[in-house]
Amino acid sequence: MAKELPYSLAQMREIIKEFPTPFHIYDEAAIRARVRALRAAFAWNAGFKEYFAVKALPNPAILDILRQEGCGMDCSSYTELMLAKAVGSVGKEIMFSSNNTPAEEFRLASRLEAIINLDDISHIPFLAENGGIPKTICLRYNPGGDFKIGGAIMGNPGDAKYGMTRPQIFEAVEELRRLGAEKFGLHAFLASNMLEKDYYATLAGELFALARDLHEKSGAEIAFVNLSGGIGIPYRPDDAEPDLAHIGSGVRGKYEAAFGPAGMRPAIFTELGRYITGPAGSLVTTAVHEKRIYKHYIGVDACAANLMRPAMYGAYHHITVLGKEDAPQTELYDVTGALCENNDKFAVDRPLPPIEKGDLVCLHDTGAHGFSMGYNYNGKLRSKELLLKPNGTVALIRREETPTDYFATLRGFGFALEQ
Ligand SMILES: *Cc1c(COP(=O)(O)O)cnc(C)c1O
């Protein structure tokens, strides 16, 4: 299947007159459509709510769109909480799913009356001292061992730093009730970027069974089950788009099986990041160099500091050379950035049409865990971010960094006066 971009070469030539490359550009209409599709798939659950994983795309212009679409915000740090507050999400509109949590972050989450998702049993006394135990609280579960679907290993929770063991969940509920908590949620995140169509249903089955056991054995009210993130996206042209109707009805089947028609009716929450915004973003770069040594290289004006996934995980990001969508892919390129790191390659041995200097080279699916994983190695600066609106206009939603930003935290040597 061909992978499409929401702009043509002619449109992009207009955009870059005002906003030179490199930049990430996000498609508002696509983001809205993806949230609506998710909500439709879970419309059978009265309390369903998506808490967008802010770390995936922490730009308030995007968070505001998501808030308008009915999403809450899933935060895991002080600044992510500040972003949620900035777009007007407070109270039950915020899920605070952190780990190894600093005291001031629990205090801010408490002040905002966010739903706190406790990562560990030792955080109970810590939270009691730093913000206090709220009436409604969520617990993060780690089942240990391997996470399997139909015999195939999908993840390795036994090796993951997150969550509590089953006995700890039971103990935590007792302790939290003693300290005044009344309603509980359960959360687990067992595998990432899952295209396996039964991931959510399998995870939901485990959490629903735990919810029922907890309720039966302790009498605790389980108000919601948080299925967290993890639904994947088709990065490769031959990957299939997740079938949300199948996912929603799979979770529904597990729900009915666990709770029956007359049983408890917990709300279902999700914390998707990648699924919501991943395919709605792309990184637009310009080819600036061509090099032929033992391999054939195209150098572009972005680097791993703008999109780390290929360097970090060997992740595939599809590439379209704008205007050459239908040209024969007669060349085999490594597409590189300028970092002094040989893993700074957006693609290795990628068949592409012949690229000339000045061509616009677009990397697909950078709308989640793209810009936000950026860094400043080699003194490289982060790019701007643009929003493509449904009416076709483009807004600058973050400017690029300048050397002044890079030097802003230095003291002395003429960079900034001691403060
Ligand atoms: C990263 C993360 C998410 C979002 O994951 P995606 O793969 O983007 O769906 C949700 N919840 C928690 C706790 C996370 O750490």
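For clarity, every value in this text was computed on a predicted model and none was experimentally measured.

Undergrad: Before we move on, could you go through the site of the ligand and cite the residues and values that matter?
TA: As a matter of local geometry, the ligand sits amid 14 residues, with Lys-55, Gly-230, Glu-271, Arg-274 and His-369 nearest to it. At 3.1 Å from an oxygen atom of the ligand is found a main-chain nitrogen or oxygen belonging to Gly-273. Measuring from an oxygen atom of the ligand, one finds a side-chain N or O atom of His-369 at 2.7 Å. Relative to its unbound accessible area of 390 Å², the ligand is 91% covered by the protein chains.

Undergrad: Give a detailed account of a nonpolar patch on the surface, specifying residues and quantitative values.
TA: The grouping of Leu-410, Phe-413 and Phe-415 at the surface amounts to a nonpolar patch, some 370 Å² of accessible area in total. In this fold, Phe-415 is placed in the segment after helix H12 (403-407). Residue Phe-415 is classed as partly exposed on the basis of its relative accessible area, which comes to 41%.

Undergrad: How would you explain the sheet that holds strand S4 (residues 94-97) if you had to name every residue and give the values?
TA: An order of S2-S3-S4-S5-S6-S9-S10-S11 is seen for the eight strands of this closed barrel, with the pairing classed as parallel. In this sheet, adjacent strand axes meet at a mean angle of 25 degrees when their direction is disregarded.

Undergrad: How would you explain the domain arrangement of the chain if you had to name every residue and give the values?
TA: It is common to report an interface's size as the accessible area lost on association of the parts. Domain boundaries in the chain define domain 1 (9-24 + 279-402) and domain 2 (90-271). Distance from the C-alpha centre of domain 1 to the C-alpha centre of domain 2: 36 Å. Each partner contributes residues to the interface: domain 1 has six residues there, and domain 2 has six residues. When the two sides are added together, the surface that domain 1 and domain 2 hide from each other amounts to roughly 590 Å², 60% of it contributed by carbon and sulfur. Considering only the surface of domain 1 that becomes buried against domain 2, Pro-279, Tyr-316 and Asp-365 emerge as the three largest contributors, covering 70% of it. Scanning the region where domain 1 abuts domain 2 turns up zero salt bridges. Inspection of the region where domain 1 meets domain 2 yields zero residue pairs in polar contact (both at pLDDT 80 or more). For the side of domain 1 that touches domain 2, a count of residues per class yields two nonpolar, two polar and two charged.

Undergrad: Got a sec to walk through the environment of Leu-207? Specific residues and values, please.
TA: Mapped onto the secondary structure, Leu-207 falls in helix H8 (residues 199-218). Residues Leu-207 and Tyr-406 lie 199 residues apart in sequence; the distance between their C-alpha atoms is 45 Å. In this structure Leu-207 touches Tyr-141, Leu-186, His-187, Ala-188, Val-225, Asn-226 and Leu-227, once residues within four positions along its chain are discounted.

Undergrad: Run through the packing of helix H4 (residues 78-86) against helix H5 (residues 103-111), naming residues and quoting values.
TA: Two numbers describe how H4 lies on H5: the axes approach to 9 Å, and their chain directions differ by 20 degrees. In this view, H4 runs roughly parallel relative to H5, as classed from their interaxial angle. When you trace H4 past H5, the crossing you get is left-handed. The residues of H5 that touch H4, namely those facing Tyr-78, Leu-81 and Met-82, are Glu-104, Glu-105, Leu-108, Ala-109 and Arg-111. Here the residues of the contact of H4 with H5 sort into five nonpolar, no polar and three charged.

Rules used throughout
- Residues numbered from 1 in each chain as written.
- Predicted model: local features only at pLDDT ≥ 70, side-chain atom pairs only at ≥ 80, totals over all residues.
- Heavy atoms only, no water.
- Near = heavy atom within 4 Å.
- Polar contact = N/O pair within 3.5 Å; in protein donor to acceptor, adjacent residues only side chain to side chain.
- Areas by Shrake-Rupley, 256 points an atom, 1.4 Å probe, with all protein chains shown as cover.
- Patch = residues over 30% accessible without salt bridge, like charges linked within 9 Å, V, L, I, M, F, W, Y side chains within 5 Å.
- Salt bridge = Lys/Arg side-chain N within 4 Å of Asp/Glu carboxyl O.
- Helix = DSSP H or I, 4+ residues; strand = E, 2+ residues; numbered from the N terminus.
- Buried < 20%, exposed > 50% of the residue type's maximum accessible area, 1.4 Å probe, protein only.
- Pairing = 2+ DSSP bridges.
- Axes fitted to C-alpha atoms, helices over the stretch in contact; angles between N-to-C directions.
- Domains from an automatic or database assignment.
- Contact = heavy atoms within 4.5 Å.
- Buried area = accessible area lost by both parts, 1.4 Å probe.
- Nonpolar A, V, L, I, M, F, W, Y, C, P; charged D, E, K, R; others polar.
- Parallel < 35°, antiparallel > 145°, perpendicular 65-115°, else oblique.
- Left-handed = near helix turned anticlockwise from the far one by under 90°.

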